Amino acid sequence: MNDLELLAAANKAMENAYAPYSGFRVGTALLCADGRVFTGCNIENSSYGATNCAERTAVFKAVSEGCRDFSAIAIVSSGGGETFPCGICRQVLGEFSPNIRIILRNKSGETAVYTFQELMPKIFSL
């Protein structure tokens, strides 16, 4: 799957975002090394601590289906600027694939690609 197809899948996933409090919608598409794609969206809760980011939604779906090696993740948002994964999502991504490519697109269609190492050069590890 190429980057444009992955971004299209992330954009479709964003349609399912549940963001009644912030209005900030995010969708992701996670490409596994074996070619499978898992999508996710952000799911808010009135108790913000119970909110789940789109990236972790996709990762948890993938891991629960046996995929633990990721090649790329596309992240799209309803925001005007780049929407980077939060620190918790970066930690979760790094747990499984510290070499993952991160593809970002905002609502204006501007796209940027980063390596995981560019976003989080040091990851917590036991």
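Read on for an overview of the structure.

Calculation notes
- Residues numbered from 1 in each chain as written.
- Predicted model: local features only at pLDDT ≥ 70, side-chain atom pairs only at ≥ 80, totals over all residues.
- Heavy atoms only, no water.
- Helix = DSSP H or I, 4+ residues; strand = E, 2+ residues; numbered from the N terminus.
- Rg over C-alpha atoms; globule rule 2.2 N^0.38 Å.
- Buried < 20%, exposed > 50% of the residue type's maximum accessible area, 1.4 Å probe, protein only.
- Contact = heavy atoms within 4.5 Å.
- Lys, Arg positive; Asp, Glu negative; His and termini not counted.
- Charge placed at Lys NZ, Arg CZ, Asp CG, Glu CD.
- Disulfide = S-S within 2.5 Å.
- Pairing = 2+ DSSP bridges.
- Right-handed = clockwise from strand over helix to strand, strands pointing away.

Attention shifts here to the overall build of the protein chain. Helices and strands together make up the secondary structure of the protein chain, namely four helices and five strands. Counting from the amino terminus, helix and strand elements in the protein chain follow one another as α-β-β-α-β-α-β-β-α. For 126 residues, the compact-globule estimate of 2.2 N^0.38 gives 14 Å, and the C-alpha radius of gyration of the protein chain, at 13 Å, lies within 12% of that figure. By its C-alpha atoms, the protein chain is 35 × 30 × 30 Å across when sized along the principal axes. Relative to its full complement of 126 residues, the protein chain shows a buried share of 44%. A sequence separation of at least 24 residues applies to 60% of the contacts in the protein chain between residues at least 6 apart. Of note, the protein chain has its 11 positive side-chain charges centred 3 Å away from the centre of its 12 negative side-chain charges.

With that out of the way, let us pick up the state of the cysteines. For the structure shown, the criterion picks out one disulfide. There is a disulfide in this structure between C32 and C67, and the S-S distance comes to 2.2 Å. On the sign convention where negative is left-handed, the bridge of C32 and C67, at about -135 degrees about the S-S bond, is left-handed. Placement of the pair is C32 in strand 1 (residues 26-32) and C67 in the loop between helix 2 (54-64) and strand 3 (70-77), with a sequence separation of 35 residues.

Looking now at the environment of A112. Locating A112 in the fold gives a position in strand 5 (residues 111-115). Between the C-alpha atoms of A112 and I102, which are 10 residues apart in sequence, the distance is 8.3 Å. Contacts of A112, omitting those with residues within four sequence positions, involve E82, I102, I103 and L104.

Working note: regular strand, side chains alternate between the two faces of the sheet. Inspection of the sheet shows strand 3 paired to strand 4 (residues 101-105) by five bridges, in the parallel sense. From the neighbouring strand, A74 faces strand 4, where its bridge partner is I103. Tracing the backbone out of strand 3, into helix 3 (residues 87-96) and back to the parallel element strand 4 gives a crossover that is right-handed. The hairpin turn running from strand 4 into strand 5, its antiparallel successor, is five residues long, and G109 in that turn takes a positive phi close to 90 degrees.

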